[in-house]
Amino acid sequence: ETGVTQTPRHLVMGMTNKKSLKCEQHLGHNAMYWYKQSAKKPLELMFVYNFKEQTENNSVPSRFSPECPNSSHLFLHLHTLQPEDSALYLCASSQAGTGGKAEAFFGQGTRLTVV
Amino acid sequence: AQSVTQLDSHVSVSEGTPVLLRCNYSSSYSPSLFWYVQHPNKGLQLLLKYTSAATLVKGINGFEAEFKKSETSFHLTKPSAHMSDAAEYFCVVSGPYTGNQFYFGTGTSLTVIP
């Protein structure tokens, strides 16, 4: 266990559904991240939150909507997804303000399948 | 700008033989460098990190890496491969002025042959 918990672990949804992914960390970190990992593609950074403020949106389509209500929780709201959005979605957290020296801790991921 | 290049997308070794996974980095500032391992359908686990202290870094499961500034490299090694080492490995760079972002390599898939 890394201290970062993602739920659900697996999700199958139709293209017209709305669902949310949840990430929770109890490491006292103040930066949180969403990554997308597709088969045979590099890891893609989606969003970064520092101290609950979104500081990076890596040209992600609006059908993905992040929410960070506090420094321990991060959500990814999904609606009207496409089959190509099927992937492993990874959440991570780290301690900001260390000059980049702190490592990221990753959750186990949510395996999303869009049908 | 920060980036890493993992020079091999696939590496195969026999069980009990040495492992070498290669990583070169590019950084405008003093970098921090990390190696992560990912087993199938799992999250990423930190193996080791370099943050400007000792250039030879020892990690978990017998892995180590050496930071070589003159070669801009941070290669991952292990003296003797075990079957359980079969996984995907990622080299990652971060540093000051990156907005707490991590820059990932494309990964190296390690196969261990019995």
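A short tour of the structure in this document, coming up. (Residues numbered from 1 in each chain as written. Chains lettered and ligands numbered in written order. Predicted model: local features only at pLDDT ≥ 70, side-chain atom pairs only at ≥ 80, totals over all residues. Heavy atoms only, no water.)

This paragraph deals with the overall build of chain B. Helix and strand content of chain B: 0 helices and 12 strands. The order of helices and strands in chain B, counted from the N terminus, is β-β-β-β-β-β-β-β-β-β-β-β. The dimensions of chain B, computed from C-alpha atoms along their principal axes, are 45 × 30 × 20 Å. Per-residue burial for chain B yields a buried fraction of 45% across its 114 residues. Considering only contacts in chain B between residues 6 or more positions apart, those separated by 24 or more positions represent 57%. Element-wise, carbon and sulfur atoms account for 52% of the exposed surface of chain B, whose accessible area totals about 5,300 Å². Measuring between centres, the 7 positive side-chain charges of chain B sit 7 Å from its 7 negative side-chain charges. (Helix = DSSP H or I, 4+ residues; strand = E, 2+ residues; numbered from the N terminus. Buried < 20%, exposed > 50% of the residue type's maximum accessible area, 1.4 Å probe, protein only. Contact = heavy atoms within 4.5 Å. Areas by Shrake-Rupley, 256 points an atom, 1.4 Å probe, with all protein chains shown as cover. Lys, Arg positive; Asp, Glu negative; His and termini not counted. Charge placed at Lys NZ, Arg CZ, Asp CG, Glu CD.)

What follows concerns the environment of Gly107(B). Residue and element names in this part refer to chain B. Mapped onto the elements of the fold, Gly-107 is located in the loop between strand S11 (103-104) and strand S12 (108-113). The spatial distance from the C-alpha of Gly-107 to the C-alpha of Phe-90 is 4.6 Å, given a sequence separation of 17 residues. Look past the residues within four positions of Gly-107 in its chain and what remains in contact with it is Gln-6, Asp-8, Ser-9, Glu-88, Tyr-89 and Phe-90.

Let's shift gears to the environment of His10(A). Residue and element names in this part refer to chain A. For His-10, the position within the fold is in strand S2 (residues 10-13). Taking relative accessible area as the criterion, His-10 reaches 59% and is therefore assigned exposed. Each C-alpha atom, one on His-10 and one on Ser-20, is 12 Å from the other, the two residues being 10 residues apart in sequence.

The next thing to look at is the state of the cysteines. By definition, a disulfide links two cysteine residues through a covalent bond between their sulfur atoms. All names here are of chain A. Enumeration according to the criterion identifies 2 disulfides over all chains in this entry. Paired through a disulfide, Cys-23 and Cys-91 show a sulfur-sulfur distance of 1.9 Å. Taking the sign of the S-S torsion, -75° for the link of Cys-23 and Cys-91, the bridge is left-handed. Placement of Cys-23 in strand S3 (residues 18-25) and of Cys-91 in strand S9 (residues 87-94) is noted, with a sequence separation of 68 residues between them. The thiol of Cys-68 is not disulfide-bonded; the next cysteine sulfur, from Cys-91, is found 9.1 Å away. (Disulfide = S-S within 2.5 Å.)

Once that is clear, we can look at the interface of chain B and chain A. Listed by partner, the interface residues are 22 residues for chain B and 25 residues for chain A. Both sides together, the interface formed by chain B and chain A hides about 1,900 Å², and carbon and sulfur atoms give 50% of it. Inspection of the chain B/chain A interface yields 1 salt bridge. Where the side of chain B that touches chain A is concerned, the elements lending two or more residues are strand S5 (32-38), strand S6 (44-50) and strand S10 (87-94) of chain B. Residue contributions to the side of chain B that touches chain A peak at 4 residues, all from S5(B). (Buried area = accessible area lost by both parts, 1.4 Å probe. Salt bridge = Lys/Arg side-chain N within 4 Å of Asp/Glu carboxyl O.)

What the rule picks out here adds up to 15 aromatic pairs over all chains. Each ring, one from Tyr33(A) and one from Phe102(B), has its centre 5.6 Å from the other, and the planes form 65°; the classification is edge-to-face. In this pair, Tyr33(A) sits in strand S4 (residues 31-37) while Phe102(B) sits in the loop between S10 and S11, so the two residues belong to two different chains. Relative accessible area serves as the criterion here: at 0%, Tyr33(A) is assigned to the buried category. On the basis of relative accessibility, which here comes to 6%, the residue Phe102(B) falls in the buried class. A ring pair is formed by Phe106(A) and Tyr36(B), whose centres lie 5.6 Å apart and whose planes are at 80°; its orientation type is edge-to-face. One end of the pair, Phe106(A), is in strand S10 (residues 105-106); the other, Tyr36(B), is in strand S5, on a second chain. Looking at Phe106(A), the relative accessible area reads 1%, which means it is buried. Linked through ring pairs, Tyr33(A), Tyr35(A), Phe106(A), Phe34(B), Tyr36(B), Phe90(B), Phe102(B) and Phe104(B) together constitute an aromatic cluster. (Phe/Tyr/Trp six-rings, centres within 6.5 Å; stacked < 30°, edge-to-face > 60°.)

Below, the discussion takes up the pattern of salt bridges. Residue and element names in this part refer to chain B. In total, this model carries 6 salt bridges over all chains according to the counting rule given. For the salt bridge of Asp-8 with Arg-22, the shortest nitrogen-to-oxygen distance reads 3.0 Å. Pair noted here: Asp-8 is in the loop between strand S1 (3-6) and strand S2 (10-14) and Arg-22 is in the loop between strand S3 (19-21) and strand S4 (23-26), with a separation of 14 residues, a long-range link. Under the relative-accessibility criterion, Arg-22 is labelled partly exposed at 31%. The partner of Lys-58 in a salt bridge is Glu-64, and the shortest N-O contact between them spans 2.8 Å. For Glu-64, a relative accessible area of 24% puts it in the partly exposed group.

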